[in-house]
Amino acid sequence: MTTTFPQAPSLGKRPPRDLNPGLEPSDRIFHGSATMIGMFVLIMTGSIGVFLGYQSIPTLRHYGLSFFTQTSWQPELDKIGIAAVLVGTFEVALVAMVVAFPFALMLALFITDYAPKQIKSWLVSAVDLMAAVPSIIYGLWGFYLLQPHAINLARWLSQHFGWIPIFHVDTDPNAAVWQQSRYTSSAFIAGLAVSMMAIPLACAVMRAVFDQAPLGEREAAMALGGTRFGVARTVVFPFAKGGIIGGTMLALGRALGETAAVLIIVSPDFVIKPRILEAGSQTTSQLIAGNFGDATKSQLSALLTAGFVLFLITLLVNSVAAVVIRRSRSGAGTEI
Amino acid sequence: MSVRAKLSGSSTDNERGRKDTTGSGLANLRAPVLMDHSAATLEAIEVSAWFSGTKVLDDVSLSVPPASVTALIGPSGCGKSTFLRILNRMHESVLGAQLAGEVLLDGLDIYASGHRPTDVRKQIGMVFQKPNPFPSMSISDNVVAGLALTNIKIGKQDREDLVETCLTRAGLWNEVKDRLNRPGSALSGGQQQRLCIARALAVGPKVLLMDEPCSALDPTSTRRIEETIAELRTQITIVIVTHNMQQAARVSQRAAFFLAELGAPGGIVESGSTTQLFENPVDPRTEDYVNGRFG
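Summary of the structure given here. (Residues numbered from 1 in each chain as written. Chains lettered and ligands numbered in written order. Predicted model: local features only at pLDDT ≥ 70, side-chain atom pairs only at ≥ 80, totals over all residues.)

A few words now on the overall build of chain A. The helix and strand inventory of chain A stands at eleven helices and two strands. Starting at the N terminus and walking to the C terminus, you meet the elements of chain A as α-α-β-β-α-α-α-α-α-α-α-α-α. Projected onto the principal axes, the alpha-carbon positions of chain A cover approximately 95 × 65 × 35 Å. Split into buried and exposed, the 336 residues of chain A put 41% on the buried side. (Helix = DSSP H or I, 4+ residues; strand = E, 2+ residues; numbered from the N terminus. Buried ≥ 20, exposed ≤ 12 C-beta atoms within 10 Å, placed from the backbone.)

Next up, the structure:
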């Protein structure tokens, strides 16, 4: 094969040779099937996006921007919007992440740096099992086991931090007989249940990057008289920064889309409510799951539009997570 | 005003501030940030070591005089590095590591109950085979990393003085004084290794252990490190593991020859002054090794 390289005249009279030997037959089969499966995943994800986008056109054409500013969801009055739902979605996700982040971080550090060898493998399996529990179970757990206790914490928070708008509850927290029902079925309790699903995801990513922290640097910190926590602070955390952020965002993506647990716990309420401890909220996925059954054609389109918005938000969060992880030192070799 | 003068001034301030924390013996060095340049005697008595039940060192005794360089030589896998890591309790950080015997620092057993490994390591610093500066830190942050790690707070001026003193002692100051805020990982391999030496010196150790500090470096960088060792020798006790026989002859005053027979744990064949070990060895195995007949 003769190729000319005009930009490199100094190559001399022998041009570079063709170094592509071609694939072996077995490689060719594997290469082909792997490519097909890879493409299939891309096509699947892409087609979901295209389908949702296409279905959203009539709704967006009909309601325009008011779809994003209207809080109520009353198809019979032709008032449909996702403003309250989006706020609720982020509230639940925020509560979940505030709980899940420190928990996952400490759990991952304990597994990689503190736990004795025998306990370590048990813990890893336990955390993986946590991820495998169906979300409906977490919903039931949250509703029947967690809620009766969590409302006491909610009341305490509103007693002491009620002056911060998000912790305010529209009832007298100090009343002798306090209105327990004002504290149940809130975004706070749903967030706690969702955090149980976010923890294993964040923990798995963090654990993987903590384990990669270079032994040489760990030993250097130890030889300087550093404690285990000192080593974590100077070596492990700076090294794993990308993985910590990325893992957290991955878990956030999960928390944003969580359906079953939220559906069980939260009582629907279509107002923009910054009070996370107070009964009633609404998330996007809960809206879709709750209204899907008896929707007319136009309502279905509206629900799919809400789904499209959620899809885009999750896609954005996950993409940012992937970029953060890949750009960091620890994640240079990992893909999420 | 010279750096030394400034340092001695601030060091009395520091001393006054933490009078209550200073006790005797090992606890002593928890405090002094600005080193007193006191070298210590190190003595290993009948040390044996195991990894997961396999004996790797058998009954090793070695006395290291203060303010001198002691070289540990011997073929790969004979337990030199394990022995070195026993000297500052890094050995126990490996899973399944065990130990018998005593290591005395100025007469006090560093393995005695009640002595924390973190305190021992502050007094007996270590430089590793592969340069390992903290990549997320600047050059000056790397030098004082040991203080941050052990929660010792110092003023801005003291910090600057300490950075300059340690980098000067490690022979790196002139090369990096204009870029102290640049990342430590941007330096060349030899410079990184000297940065690691400066970092180890900053916590004020009485002994410095070096585990093949030049084996990853080019000849020029190796020579610079050897010069640094020669300059440090008067102020601090140094124990160096090396595979390079010429290097051992150049930098050390005393030497110990380690050997592990096939299937047996390692031990010291012979130790003594470097000149004697190289020119007039008692044991024929030592003679064979130093003359390059095996290993």
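On we go.
Scanning chain B from N- to C-terminus turns up twelve helices and ten strands. Counting over 295 residues, chain B shows a buried share of 46%. Across chain B, contacts joining residues at least 24 apart in sequence account for 70% of those joining residues at least 6 apart. (Contact = placed C-beta atoms within 7 Å.)

Grouped together as the largest cluster of nonpolar side chains are 166 residues, with contacts concentrated most on Ala198(A), Ala202(A) and Met206(A). Among the elements that make up this core, the one with the highest residue count is helix H6 (residues 187-212) of chain A (19 residues). (Core = buried A, V, L, I, M, F, W, Y, C linked by C-beta atoms within 7 Å.)

This paragraph deals with the interface of chain A and chain B. Taken together, the contact pairs 16 residues of chain A with 22 residues of chain B. Sorting the residues of the side of chain A that touches chain B by element identifies helix H7 (215-223) and helix H8 (228-257) of chain A as the ones contributing at least two each. Among the elements that take part in the side of chain A that touches chain B, H7(A) stands out by supplying seven residues, more than any other. Residue classes in the side of chain A that touches chain B are distributed as seven nonpolar, six polar and three charged. (Nonpolar A, V, L, I, M, F, W, Y, C, P; charged D, E, K, R; others polar.)

A few words now on H8(A). With 30 residues, H8(A) should reach 44 Å at 1.5 Å per residue; the first-to-last C-alpha distance of 37 Å falls well below that figure. Where H8(A) bends most, the angle comes to about 60°, and this point is Lys241(A). (Expected span 1.5 Å × (residues − 1). Bend = angle between axes of the 7 residues up to and from the residue.)

Before going further, it helps to examine the packing of helix H8 (residues 189-202) of chain B against helix H9 (residues 219-232) of chain B. In a packed pair of helices, the relevant descriptors are the angle between the two axes and the axis-to-axis distance. All names here are of chain B. Packing of H8 against H9 brings their axes to within 9 Å, and their N-to-C directions diverge by 20°. Comparing their axes, H9 and H8 come out roughly parallel. Remark: the crossing between H8 and H9 carries right-handed chirality. Where H8 abuts H9, its residues Gly189, Gly190, Gln193, Arg194 and Ile197 lie against Ser221, Arg224, Ile225 and Thr228. Residues of the contact of H8 with H9, tallied by class, amount to two nonpolar, five polar and two charged. (Axes fitted to C-alpha atoms, helices over the stretch in contact; angles between N-to-C directions. Parallel < 35°, antiparallel > 145°, perpendicular 65-115°, else oblique. Left-handed = near helix turned anticlockwise from the far one by under 90°.)

Moving on, we get to unusual backbone geometry. Outside of glycine, negative phi angles account for most residues, and trans bonds account for most peptide bonds. Residues and elements named next belong to chain B. The residue Glu46 is not glycine, and still its phi comes out positive at about 45°. As for its position among the elements, Glu46 is in strand E1 (residues 42-51). Here Arg89, not a glycine, exhibits a phi torsion of approximately 60°, which is positive. With respect to the element layout, Arg89 can be found in the loop between helix H2 (80-86) and strand E4 (97-105).

Residues and elements named next belong to chain A. Looking at the element boundaries, Gln55 is found in helix H1 (residues 25-63). When the C-alpha positions of Gln55 and Pro16 are compared, they lie 54 Å apart, and in sequence the two are 39 residues distant. In this structure, Gln55 is in contact with Ser301 and Leu304, ignoring residues within four places of it in sequence.

Another point: the sheet that holds strand E3 (residues 69-73) of chain B. Residues and elements named next belong to chain B. Spatial ordering of the open sheet is given by E6-E7-E8-E3-E9-E10, a layout of six strands whose pairing is mixed. At either margin of the open sheet sits one strand with a lone partner, and together these are strand E6 (124-127) and strand E10 (267-273). Taken pair by pair, the neighbouring strands of this sheet meet at an average axis angle of 15°, ignoring direction. Strand direction decides the pairing type here: E3 and strand E8 (residues 237-241), joined by four bridges, are parallel. Considered in E8, the bridge of Ala71 is made with Ile240. Across the face of the sheet, H8 comes into contact with E6 and strand E7 (207-211) while running at roughly 170° to E6. (Pairing = 2+ DSSP bridges.)

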